[in-house]
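So you can see what is in the structure, the chains are spelled out below.
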Amino acid sequence: RIPMPLSVTRSRSGDTLRLRVTDNGIGMRPEALAVLQRTLHAEVTPEQEIQHIGLHNTVKRLFLQYGEQAQVRIQSRYRFGTSITISIPVVSDNQ
């Protein structure tokens, strides 16, 4: 497999902006993905958080900024890569 740099795309649907980051790395096994998805929105111990500190920090900040309007979706297939989609409301300069 030829390594691919990250692919970052954006799209807008109505008042929602979607950012998707995709790679073709090793991906995650289903069990690891399930644990990650459970811990993203839960209070975790510092030991748990340090495994995915950047992702946990980003999700916390998104929810602080946008509340329940923020969404983070992670899809991964072992040996095929991972895709993370962030959806946030579009905010105009006037707001």
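Conventions and cut-offs
- Residues numbered from 1 in each chain as written.
- Predicted model: local features only at pLDDT ≥ 70, side-chain atom pairs only at ≥ 80, totals over all residues.
- Heavy atoms only, no water.
- Helix = DSSP H or I, 4+ residues; strand = E, 2+ residues; numbered from the N terminus.
- Contact = heavy atoms within 4.5 Å.
- Axes fitted to C-alpha atoms, helices over the stretch in contact; angles between N-to-C directions.
- Left-handed = near helix turned anticlockwise from the far one by under 90°.
- Nonpolar A, V, L, I, M, F, W, Y, C, P; charged D, E, K, R; others polar.

**Brief notes about the overall build of the chain**
Counting secondary structure elements, the chain contains three helices and four strands. In the chain, the succession of α and β elements from N to C terminus is β-β-α-α-α-β-β. The contacts of the chain with a sequence gap of at least 6 include a subset with a gap of at least 24, amounting to 52%.

**Some remarks on the packing of helix α1 (residues 30–40) against helix α3 (residues 53–66)**
Between two packed helices, what matters for the description is the angle formed by their axes and the separation of those axes. Two elements in contact, α1 and α3, have axes separated by 10 Å at closest approach and are oriented at 35°. Crossing of α1 against α3: the hand is right-handed. In this structure, α1 contributes Leu36, Thr39 and Leu40 to the contact, and α3 contributes Leu55, His56 and Val59. Residue composition of the contact of α1 with α3, grouped by class: four nonpolar, two polar and no charged.

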